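# Structural characterization, general
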Amino acid sequence: MSTEEPIRVLIVEDDPVAADAHVMYVNRVPGFTAVGKAHTGAQARRALERTEVDLLLLDLHLPDVHGLQLARSLRASGRHVDVIAVTSARDLAVVREGVSLGVVQYVLKPFTFATLRDRLVRYAEFHAAAGEASGQDEVDRALAALRAPGPAALPKGLSAPTLERVSVVLRDCGEGLTATGVAEAVGISRITARRYLEHLVDAGRAGRSPQYGTVGRPELQYRWVSGVQGV
C-alpha cells in the first residue's frame, strides 16, 4: 500500500505511555504518519484546529469526555474526520452508536502491533477508494476493505474457552503467576498451562521472566501485558 501523501493520524489517549506506543506503531506502518497526540478531548479539539488530520486513533475513555461524545461534537461542527476507536469496552450498543459517528474500526485492548497494523492497512484501502463506483461489486469491495479477517486458528490442542480462562487468571493477578499457579487456578495440568502461557507470550499478550529465590532451577513467572504490545 502506498499513497503520495501519508494518512495523517492524531493519537487521542489519556495514558502517556500508551500514547507514545501508539505514535511509534502508527509511524511504523507505511503510508501513515502520526501528526500529534492528545491526552484529553479538549486537547484533541485544539490539535484539530491547528493540524490537518485524516484519522483519529481515539481512546473512548478520556478523563474529560467520552470518545463517542467527542466524535459526535466533531460531526456537529462539520469536521468529518474518520475514527478508529481504541477501547476495552465490549458493549455492542456502543459499537452501533459509533458507526453513525464516523467510527470505521474498533480495536479492543489489549492488542498487538500486528492487530493495529492490519486495521490501518485496511483503512488505507478504504481511504484510497475515490471517484464513482462502476457498480455494486466495487461498492462492496470498498466496504469489505474495512472488515477484519476472522480470528486466527489456535495451535492444535488449545481451545478458545480455556485460553480465555487462562487469560483472565493471569490478567487478574498483577504480581504474575507461574505455570503451576495458573494450572491450579484453572484446573489443568502444569504442562498444559505452560502451553497456553507460551501462546500468550508469542501473541504479545504476556511476558515471562525467571522466578529466583527457589531451590533448583528457577521457574518462569508470567505476567499479563496491558495496553499495546509489539510482536
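Use the structure listed above.
The structure presented is a predicted model; accordingly, all values stated were derived computationally and were not measured. (Residues numbered from 1 in each chain as written. Predicted model: local features only at pLDDT ≥ 70, side-chain atom pairs only at ≥ 80, totals over all residues. Heavy atoms only, no water.)

## Topic: the packing of helix α7 (residues 160–172) against helix α8 (residues 179–186)
- Running from N to C, α7 and α8 point in directions that differ by 115 degrees, and their axes come no closer than 10 Å. Considering how the two elements wind past one another, α7 and α8 form a crossing that is right-handed. Only Val-182, Ala-185 and Val-186 of α8 make contact with α7, whose side of the interface consists of Arg-165, Val-166 and Val-169.
- When its residues are assigned to classes, the contact of α7 with α8 shows five nonpolar, no polar and one charged. (Axes fitted to C-alpha atoms, helices over the stretch in contact; angles between N-to-C directions. Helix = DSSP H or I, 4+ residues; strand = E, 2+ residues; numbered from the N terminus. Left-handed = near helix turned anticlockwise from the far one by under 90°. Contact = heavy atoms within 4.5 Å. Nonpolar A, V, L, I, M, F, W, Y, C, P; charged D, E, K, R; others polar.)

## Section: the sheet that holds strand β8 (residues 206–211)
- The sheet built from three strands is open, its strands ordered β7-β9-β8 with antiparallel pairing. This sheet does not close on itself; its edge strands, each paired only once, are β7 (177–178) and β8.
- Examined bridge by bridge, β7 and strand β9 (residues 219–224) share two bridges and lie antiparallel to one another. Directly across from Leu-177, in β9, lies its bridge partner Tyr-222.
- Where α7 meets the sheet, it contacts β7, β8 and β9, and its direction lies at approximately 90 degrees from that of β9.
- Across the face of the sheet, helix α9 (residues 190–202) comes into contact with β7, β8 and β9 while running at roughly 50 degrees to β9. (Pairing = 2+ DSSP bridges.)

## Some thoughts on the environment of Leu-120
- Within the fold, Leu-120 resides in helix α5 (residues 113–128).
- Judged by relative accessible area, Leu-120 falls into the buried class, the value being 0%.
- With 63 residues separating them along the chain, Leu-120 and Leu-57 place their C-alpha atoms 9.8 Å apart.
- The contact partners of Leu-120, leaving out residues within four places of it in the chain, are Val-26, Val-29, Phe-32, Leu-55 and Ile-84. (Buried < 20%, exposed > 50% of the residue type's maximum accessible area, 1.4 Å probe, protein only.)

## Some points on the sheet that holds strand β2 (residues 32–38)
- If you walk across this open sheet you meet the five strands as β2-β1-β3-β4-β5, and the pairing is parallel. Single-partner strands in this sheet number two, and they are β2 and β5 (103–108). The average angle at which neighbouring strand axes cross in this sheet is 20 degrees, direction not considered.
- Sheet analysis places strand β4 (residues 82–87) next to β5, joined by five bridges and oriented parallel. Residue pairing in the sheet places Thr-87 in a bridge with Leu-108 of β5.
- Along the sheet, helix α2 (residues 41–50) makes contact with β1 (7–12), β2 and β3 (55–59), crossing β1 at roughly 155 degrees.
- Strands β3 and β5 of the sheet are contacted by helix α3 (residues 67–76), whose axis makes an angle of about 150 degrees with β3.

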